[in-house]
Amino acid sequence: EAGVVQSPRYKIIEKKQPVAFWCNPISGHNTLYWYLQNLGQGPELLIRYENEEAVDDSQLPKDRFSAERLKGVDSTLKIQPAELGDSAVYLCASSTGQGRNEQFFGPGTRLTVL
Amino acid sequence: EDKVVQSPLSLVVHEGDTVTLNCSYEVTNFRSLLWYKQEKKAPTFLFMLTSSGIEKKSGRLSSILDKKELFSILNITATQTGDSAVYLCAPGFNKFYFGSGTKLNVKP
């Protein structure tokens, strides 16, 4: 069974530039999460989707971050414009939902903002 | 305020030792607690605990949850160098709160 797929794996941009991350969850997983992980810290939730609906985006900085999950499968997370403090690893995870909460993570995208 | 505290922050042991990692939590909505192992990549799922007192086991790893005292422990017996990683716990329900992890270093 294929795992969670993310791209790109690494991204280096200059501040004020836009950037986008893509995630393809495990087939059949209705719940999709985007996390941000800083060095030495645990993942922090940015947004959670149930199918195509964003059910928890309370931690998403909406002035510069946006996300979408059209058709309830793939998802894209965008930052515009990026700031130096956005440098981190962006992780996507998915789960079946329906009361089962084990989340399976993708390899992440390491973003460096110069 | 939701809070997850893992201890110790880091641990250095030798192969063959047994370690106990701790996770205490205070979260608004709780249904289960997840344990993950993270090497230099994404977290890998280890256990999901939902009931108090029922030990989950997978090889040399085991974990137990105490919902009354709001903590969980992860035990690793006969440690190997391949166990070196950061171990993360995450309690919650739909939304999960990750601790900062315990960094385990197993020396040969």
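Residues numbered from 1 in each chain as written. Chains lettered and ligands numbered in written order. Predicted model: local features only at pLDDT ≥ 70, side-chain atom pairs only at ≥ 80, totals over all residues. Heavy atoms only, no water.

Trainee: Help me understand the sheet that holds strand 3 (residues 19-24) of chain A in this model?
Mentor: Paired through backbone hydrogen bonds, the strands of a sheet run either parallel or antiparallel to each other. Residues and elements named next belong to chain A. Strand order across the open sheet formed by four strands is 1-3-8-7, with antiparallel pairing between neighbours. With partners counted over all chains shown, the strands left at the sheet margins are strand 1 (5-7) and strand 7 (65-68), one partner each. Neighbouring strand axes in the sheet, compared pairwise and without regard to direction, differ in orientation by 15° on average. Pairing geometry for strand 3 and strand 8 (residues 75-79), over five bridges, is antiparallel. Counterpart to Cys 23 in the pairing with strand 8 is Ser 75. (Pairing = 2+ DSSP bridges. Helix = DSSP H or I, 4+ residues; strand = E, 2+ residues; numbered from the N terminus. Axes fitted to C-alpha atoms, helices over the stretch in contact; angles between N-to-C directions.)

Trainee: I would appreciate a short explanation of the nonpolar core in the present structure.
Mentor: Side chains of a nonpolar character, in soluble globular proteins, are inclined to be buried together. Ranked by internal contacts, the top residues of the largest apolar core, which has 22 residues, are A:Phe21, A:Trp34, A:Leu46, A:Leu77, A:Ile79, A:Tyr90 and A:Leu111. Among the secondary structure elements, those contributing two or more residues to this core are strand 3, strand 4 (31-37), strand 5 (44-50), strand 8, strand 9 (88-95) and strand 11 (109-113) of chain A. With 20 residues, the next largest nonpolar core counts B:Leu21, B:Leu61, B:Cys89 and B:Val106 among its residues. (Core = buried A, V, L, I, M, F, W, Y, C linked by side-chain atoms within 4.5 Å. Buried < 20%, exposed > 50% of the residue type's maximum accessible area, 1.4 Å probe, protein only.)

Trainee: For this particular structure, what's the right way to read the pairing of strand 11 of chain A?
Mentor: A regular strand carries its side chains on alternate faces of the sheet. Residue and element names in this part refer to chain A. Residues Thr 109, Leu 111 and Val 113 point to one face of strand 11 and are all buried, whereas Arg 110 and Thr 112, pointing to the other face, are not buried. As defined by bridge partners, strand 2 (residues 10-13) adjoins strand 11 across four bridges and the pair is classed as parallel. The partner of Ile 12 across the bridge, within strand 11, is Thr 112. Here strand 9 pairs with strand 11 via three bridges, running antiparallel.

Trainee: When you look at the state of the cysteines in this model, what are you seeing that I'm missing?
Mentor: Working definition of a disulfide: a covalent bond connecting the sulfur atoms of two cysteines. Residues and elements named next belong to chain A. Within the structure shown, the criterion is met by two disulfides over all chains. Paired by a disulfide, Cys 23 and Cys 92 hold their sulfur atoms 1.9 Å apart. Judged by the torsion about the S-S bond (-70°), the Cys 23/Cys 92 disulfide is left-handed. Highlighted residues: Cys 23 in strand 3 and Cys 92 in strand 9, separated in sequence by 69 residues. The exposure classification of Cys 23 matches that of Cys 92, with both residues buried. (Disulfide = S-S within 2.5 Å.)

Trainee: What is the right way to look at the interface of chain A and chain B in this model?
Mentor: Quite often, the size of an interface is put as the accessible area lost when its parts meet. The interface of chain A with chain B comprises 22 residues on the first partner and 17 residues on the second. Interface area, chain A with chain B, both sides summed: about 1500 Å², of which 55% is carbon and sulfur. At the boundary of chain A and chain B, one finds one salt bridge. In this structure, A:Asp56 engages B:Lys95 in a salt bridge whose closest nitrogen and oxygen atoms are separated by 3.9 Å. Going through the elements one at a time, strand 4, strand 5 and strand 10 (104-105) of chain A are the ones with two or more residues in the side of chain A that touches chain B. (Contact = heavy atoms within 4.5 Å. Buried area = accessible area lost by both parts, 1.4 Å probe. Salt bridge = Lys/Arg side-chain N within 4 Å of Asp/Glu carboxyl O.)

Trainee: I would appreciate a short explanation of the pairing of strand 5 of chain A in the present structure.
Mentor: Residues and elements named next belong to chain A. When you tally the buried positions in strand 5, you get five out of seven residues, the bulk of the element. In terms of strand pairing, strand 4 meets strand 5 through six bridges, oriented antiparallel. Of the residues in strand 5, the one forming a bridge with Trp 34 is Ile 47. Count of turn residues in the strand 4/strand 5 antiparallel hairpin: six residues, of which Gly 40 carries a positive phi of about 80°. In this sheet, strand 6 (residues 53-56) lies alongside strand 5 in antiparallel orientation, the contact comprising three bridges. Of the residues in strand 6, the one forming a bridge with Arg 48 is Asp 56.

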